[in-house]
Amino acid sequence: MLRITGKGGGDSLIEMSPTESFSDDGNGYHQHASSSTGSLQQGQSESPLMPDVCVETCESLNTSLASLAPSDYSDSPRVRAHSLEQINSCTGIGKQKLSKDSVFFQDGVRRIDFVLSYVDDKDCEKKQERRRIYEANLEKAGLELETEDKSESEDGKTYFVKIHAPWEVLATYADVLKIKVPFKVSDIPDDREIPMNWLSTPFRLPKSIMNPEPDYFTAPFSKSKSDFFLIDNQDTFFPPSTRNRIVYYILSRCLYVSEECGDKKGIKRLLNNGSYTSAFPLHDSRYWTKSKDANCESERYDLYKHWARFLCFFKEQPINRIRQYYGEKIGIYFAWLGFYTEMLLFAAVVGTICFTYGFLTYDDNEWSKEICSEEIGGKIVMCPLCDKKCSYWKLNTTCNSSWQSHLFDNVATVFFAIFMGIWVTLFLEFWKRRQARLEYEWDLVDFEEEQQQLQLRPEYETRCTKSKENPITKEMEPYLPVTSKCARSCLSGATVLLWISLIIACIIGVIAYRLAVYAAFASFMKDSPTNHLEVVGPYITPQLATSVTASCINFVIIMILNLMYEKVAIWITDMEIPKTHLEYENKLTVKMFLFQFVNYYSSCFYVAFFKGKFVGYPGKYAYMFGSNLRNEECDPGGCLIELTTQLVIVMTGKQVWGNIQEALLPWVMNWWGSRKARSHPESLYSRWEQDHDLQSFGQLGLFYEYLEMVIQFGFITLFVASFPLAPLLALFNNIIEIRVDAWKLTTQFRRPVAAKAHSIGAWEEILNGMAVLSVVTNAFIVAFTSDMMPRLVYMYAYQPQGEMNMKGYINNSLSVFNVSEFQDSSRPEEAENPMWFNVTTCRYRDYRYPPGHEKQYSHTMQFWHILAAKLAFIIIMEHVVFLVKYFVAWLIPDVPSDVRARVKRERFLVQEYLHNYEVEKLKMQLSQQGNKECTCTPMIYPTLPKHEVLSEVL
């Protein structure tokens, strides 16, 4: 019988009547009101090995404990420990008798679905009262509790509250949450054939690991139609991931104060105020060996053996088993990461071919030959690169950097930039198809975000004091006034802008460092001993030293700001009070990505599009903000090689540091936290204590994994024209990243609470935006950062002999300046001039008329031709790539045809089977009424306890 209780709005729990108990033949035990004491069943206490007096004593203990009110013992360690000790002494069941991998209550029957831990503080009665009320409310919701006394724990201080959800609770909340369960074995054969399938045999895992369960047709669970579904065993019908998800839903919405004291609820707040120290579901076994308990699935061991070990790096991932153990949200992350890594293989191969092309055409590089020759480069005197401290220099001193630049700045660069624009479209389109297949296989086809939005965040329900009527449900629900929402959003936006401005200020500081120290490097490296080193001496130049040190400083600033901003982003997102978990994640995702985008990419944007573009010319240099710091010029080999250097340092530095941090930090913290347990016998180290000593994965653990990969995605798409090997580096990193993530999740972290997700969420839109932006940035890099356009214009329009070659290009690309026209503020000091200096002119990179010309030092017509060619190239490349992108996106359907057919088949069967079920049910009812034998609704369990259901659930 149902009755409406509560105040409406946020209260959404279902209360089980404490006055009634129910028998569950499937589980073979009777539910008592004293479940939190860990009492054993009477049927369990009987044993031929036990004296009758012990049986009677144990039964009397159970009876006496059951008669206690929750307030008498729910938070009294003394009573619990004394009673449990007497029971265990009679039954012989204690910590020493249980397997250390046991995931069951002490009766060995009821499975532990969740564990809470706390350290009893005798001086803090508030915490004790909160725990007493909270645990009593959990029992009212139907959960069964069993407490391990602190004397049983390794540190002698920690209590563990084990939670079990009986069938009645699971069935009720599975109905509320519309969890899909099987009702018929699928009759659609999997006839997909993969071409050349035999080639992939070494990379495949056994079918028992890849597909642990047969394929079923599923439908949302309905408690009133329990016999419609394939329920063979109630204990195993709902997998552990679904069980812990349901329990966490209850924990998040249970009050820990009396109703007259307010609306304070949820395990999160209890963790924050220290009432509990942790809350987590259990792993089902140790990761390095199977559980000795036959009832334990040992899925953790299977995942470690076939997935988390680095020796499995070449094997496919057991995505279905990951989803089964950790839930859909984590499963879809690893599916996306694996698919992204597979697609990187094609980009890495093409990028390596382009780099190899640059290496093989090394000797055909005509302009580098001219720079390195004594007849041309040895006779060209270049103007100083900085004021006062820099001297004149000969062009052939940049011979090595010119050769290096050719490896990345060649014709293949244009092809690779166009290829990556198409590759990123193929990646996103094929991922949509892969995602659609997973949605069907994981029963997420009808999973709507709106369904999740009905599940308000407990923090939103608590902090919103005003209520209004929902126009759809006509129920009162909490809401945040528009004025408060606007004020919070404005403050949040201002905070984000402030931090982005801080990043830009730091970047300007790094630029000022580059300008200030270049002169210093040029001065003291002139006579440096490194110049005499045979192998590396020619490569150590002031430009290289400035670029490398500035990049390293920039990387350190990036990491420091990143650590600081993470806390700020979470704080301002909490301040906005998002309504749902989905809204919370989307808001945090946008804030973090905007910051990270500016943080990681600003230095690359500066080198690619600003450095060397606004320097002026000798005699009229441009200075930074009117200071005495002259704007930075590009390396004599071109700005592209500097962009490559910047990209390699930031990208590889972030990836190496990230993997070390991800793998090493949790391991060290776990080693330190469990050091006491290593001195005790292994048989006493229980499953909940082992997991308690692990690190908490946290609600945002997966968020940081996505963020790391999306930032990497930006590096290999936005600036890939400058470094064709970037996809190859990303491929190697991701192969390691998959196994590091798997290893730490399986071995170093507590089991996360399972959560559903039918896609990668807001990250998909971010990837789409970066894909469009990457076409623009790569077009500008090829046009303005590389020397591709000036070379092509020279070869086709300005080659003196009219031949299709690059002879004379260097002399054509350098303008002339009269050294007597230097201003005193920029003229090199006499002591800095080299011994061979005895010239009247110097050369610089630009297209300007020579001194004595009527338009001296103004741009030549060739400059405007090159500019027009650059703009034309950008327009043509963008239109071609975008046209191909949209054509490919239109050509490839988002949902495979076989998946679409399966979805239609399943919907048809659900309707047909439900119709037949209702008809048979009606016939049975009419037959029973006609015979006046029974008037009850035919169900598996005709006798159910009374419920108190709140209006929101209905």
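If you're wondering where the values come from, they're calculated on a predicted model, not measured in any experiment. (Residues numbered from 1 in each chain as written. Predicted model: local features only at pLDDT ≥ 70, side-chain atom pairs only at ≥ 80, totals over all residues. Heavy atoms only, no water.)

## As for the side chain of Ser117
- Secondary-structure assignment places Ser117 in strand S5 (residues 114-119).
- A distance of 3.4 Å separates polar atoms of two side chains, one belonging to Ser117 and the other to His692.
- In this view, Ser117 contacts Thr158, Tyr159, Phe160, Tyr276, Thr277, Ser278 and His692; residues no more than four positions away in its chain are not counted. (Helix = DSSP H or I, 4+ residues; strand = E, 2+ residues; numbered from the N terminus. Polar contact = N/O pair within 3.5 Å; in protein donor to acceptor, adjacent residues only side chain to side chain. Contact = heavy atoms within 4.5 Å.)

## Quick look at the packing of aromatic side chains
- Under the counting rule described, the total for this entry stands at 62 aromatic pairs.
- Measuring from centroid to centroid gives 6.3 Å for Phe609 and Phe780, while their planes differ by 90°, and the two rings are edge-to-face. Here Phe780 lies in helix H26 (residues 762-785) and Phe609 lies in helix H21 (residues 581-609), a separation of 171 residues in the sequence.
- The class for Phe780 is partly exposed, based on a relative accessible area of 30%.
- Positioned above the aromatic ring of Trp688 is the side chain of Lys162, whose terminal nitrogen or guanidinium carbon lies 4.2 Å from the ring centre.
- The ring of Tyr325 carries the charged tip of Arg751 above its face, separated from the ring centre by 3.8 Å. (Phe/Tyr/Trp six-rings, centres within 6.5 Å; stacked < 30°, edge-to-face > 60°. Buried < 20%, exposed > 50% of the residue type's maximum accessible area, 1.4 Å probe, protein only. Lys NZ or Arg CZ within 6 Å of the ring centre and 35° of its normal.)

## So, the confidence of the model for the protein chain
- Across the protein chain, the average pLDDT comes to 79, with 81% of residues at or above 70.
- Low pLDDT (under 50) marks residues 18-96, which in the prediction has 119 contacts with non-local residues, meaning those over four places away or in another chain.
- Every residue in residues 532-536 scores below 50 in pLDDT, and together they form one contact with partners more than four places removed in sequence or on other chains. (pLDDT = per-residue confidence, 0-100.)

## With respect to the packing of H21 against H26
- One can describe the packing of H21 onto H26 by two numbers: an axis separation of 13 Å at closest approach and a directional angle of 10°. With respect to each other, H21 and H26 are oriented roughly parallel. On the side of H21, the interface is formed by Asn586, Thr589, Phe593, Phe597, Tyr601, Phe605, Ala608 and Phe609, while H26 contributes Ala762, Trp763, Ile766, Met770, Leu773, Thr777, Phe780, Ile781 and Thr785.
- Each residue belonging to the contact of H21 with H26 can be placed in one class, and the counts come to 13 nonpolar, four polar and no charged. (Axes fitted to C-alpha atoms, helices over the stretch in contact; angles between N-to-C directions. Parallel < 35°, antiparallel > 145°, perpendicular 65-115°, else oblique. Nonpolar A, V, L, I, M, F, W, Y, C, P; charged D, E, K, R; others polar.)

## Some thoughts on the state of the cysteines
- In the structure shown here, the tally under the stated rule is three disulfides.
- Disulfide partner of Cys372: Cys399, at an S-S distance of 1.8 Å. Taking the sign of the S-S torsion, 95° for the link of Cys372 and Cys399, the bridge is right-handed. Of this pair, Cys372 sits in helix H14 (residues 366-372) while Cys399 sits in helix H15 (residues 399-408), placing them 27 residues apart in sequence.
- Using a relative accessible area of 22% as the deciding quantity, one classes Cys372 as partly exposed.
- For Cys383, the disulfide goes to Cys842, at an S-S distance of 1.9 Å. Its torsion about the S-S bond being 85°, the disulfide of Cys383 and Cys842 is classed as right-handed. Note that Cys383 is positioned in the loop between strand S11 (381-382) and strand S12 (393-394) and Cys842 in strand S18 (residues 841-845), a separation of 459 residues in sequence.
- Using a relative accessible area of 4% as the deciding quantity, one classes Cys383 as buried. (Disulfide = S-S within 2.5 Å.)

## Some details on the pairing of strand S7 (residues 158-164)
- Buried residues dominate S7, accounting for seven of its seven residues.
- By the alternation rule, side chains of S7 split into Thr158, Phe160, Lys162 and His164 and Tyr159, Val161 and Ile163, which are all buried.
- Here six bridges tie S5 to S7, and the two strands are oriented antiparallel to one another. Pairing of Tyr118 across the sheet is with Tyr159, part of S7.
- Taken together, the five bridges between strand S6 (residues 144-148) and S7 define a ladder with antiparallel strand orientation. The partner of Glu146 across the bridge, within S7, is Lys162. (Pairing = 2+ DSSP bridges.)

## Observations concerning the packing of helix H16 (residues 411-441) against helix H24 (residues 701-718)
- Packing of H16 against H24 brings their axes to within 10 Å, and their N-to-C directions diverge by 145°. Of H24, the residues touching H16 (which contributes Met420, Trp423, Val424 and Phe427) are Phe713, Ile716 and Thr717.
- A per-class count over the contact of H16 with H24 returns six nonpolar, one polar and no charged.

## So, helix H27 (residues 788-798)
- Within H27, burial applies to Met788, Met789, Pro790, Arg791, Val793, Tyr794 and Met795.
- Against the buried residues of H27 lie H14, H16, H26, helix H28 (809-813) and helix H29 (861-891).

## Focus: unusual backbone geometry
- Despite not being glycine, Ser298 has its phi angle at roughly 55°, a positive value.
- A residue is classified by how much of its surface remains accessible, and Ser298, at 3% relative accessible area, is buried.
- Positive phi, normally seen in glycine, also occurs at Ile577, with a value near 55°.
- For Ile577, the position within the fold is in the loop between helix H20 (542-576) and H21.

## Notes on the pattern of salt bridges
- If you walk through the whole model with that rule in mind, you get 33 salt bridges.
- Glu576 is paired through a salt bridge with Lys591; the nearest N and O atoms lie 2.4 Å apart. Of this pair, Glu576 sits in helix H20 while Lys591 sits in helix H21, and the two are 15 residues apart along the sequence.
- Accessibility expressed as a relative area gives 9% for Glu576, which makes it buried. (Salt bridge = Lys/Arg side-chain N within 4 Å of Asp/Glu carboxyl O.)

## Thoughts on H29
- The end-to-end C-alpha distance of H29 is 45 Å, a good match for the 45 Å that 31 residues give at a rise of 1.5 Å each.
- Buried within H29 are the following residues: Gln862, Ile866, Lys870, Phe873, Ile874, Met877, Glu878, Val881, Phe882, Lys885 and Val888.
- Where H29 is buried, its residues contact H16, H26, H27 and H28. (Expected span 1.5 Å × (residues − 1).)

## Some points on the nonpolar core
- If you look at the biggest cluster of nonpolar residues, it comprises 119 residues, and the most contacted ones within it are Trp336, Tyr340, Trp423, Phe427, Tyr601, Phe715 and Trp763.
- Considering every element that reaches this core, the biggest residue donor is helix H13 (residues 328-360), with 15 residues.
- By size, the runner-up hydrophobic cluster in this structure holds 47 residues, among which are Phe114, Ala141, Ala171 and Tyr440. (Core = buried A, V, L, I, M, F, W, Y, C linked by side-chain atoms within 4.5 Å.)

## Concerning the sheet that holds S5
- Spatially, four strands are ordered S6-S7-S5-S10 in an open sheet, and the strand pairing comes out antiparallel. Bordering the open sheet on either side are S6 and strand S10 (278-280), each of which pairs with just one other strand. Each adjacent strand pair in this sheet contributes to an overall mean axis angle of 20°, direction not counted.
- Sheet contacts for helix H5 (residues 125-140): S5, S6 and S7; angle to S5, the most-contacted strand, approximately 165°.
- Relative to S5, helix H9 (residues 240-251) is tilted by about 45°, and along the sheet it contacts S5 and S7.

## Here we look at empty space enclosed by the protein
- A full pass over the atoms with the stated rule returns eleven cavities of 30 Å³ or more.
- Approximately 70 Å³ is the volume attributed to the largest cavity.
- Every residue along the wall of the largest cavity is listed here: Val103, Arg111, Ile112, Asp113, Pro240, Asn244, Pro281, Leu282, His283 and Arg751.
- Of the residues contributing to the lining of the largest cavity, the split by class is five nonpolar, two polar and three charged. (1 Å grid on protein atoms, 1.4 Å probe; cavity = no way out; pocket = protein on both sides within 12 Å on 5 of 7 lines; lining within 4 Å. Points joined across faces, edges and corners; volume = space filled by probe spheres on them.)

## A look at a nonpolar patch on the surface
- Together, Val656, Ile660, Leu664, Trp667, Val668, Trp671 and Trp672 give the surface a local cluster of nonpolar side chains, amounting to about 720 Å² of exposed area.
- Mapped onto the elements of the fold, Trp672 is located in helix H22 (residues 639-673). (Patch = residues over 30% accessible without salt bridge, like charges linked within 9 Å, V, L, I, M, F, W, Y side chains within 5 Å. Areas by Shrake-Rupley, 256 points an atom, 1.4 Å probe, with all protein chains shown as cover.)

## Describing the pairing of strand S8 (residues 180-185)
- The buried fraction of S8 is high, at five of six residues.
- Pairing of S8 with strand S9 (residues 216-220), which is carried by five bridges, proceeds in the antiparallel orientation. Residue Lys184 lies in a different strand from S9, and its bridge partner there is Phe217.

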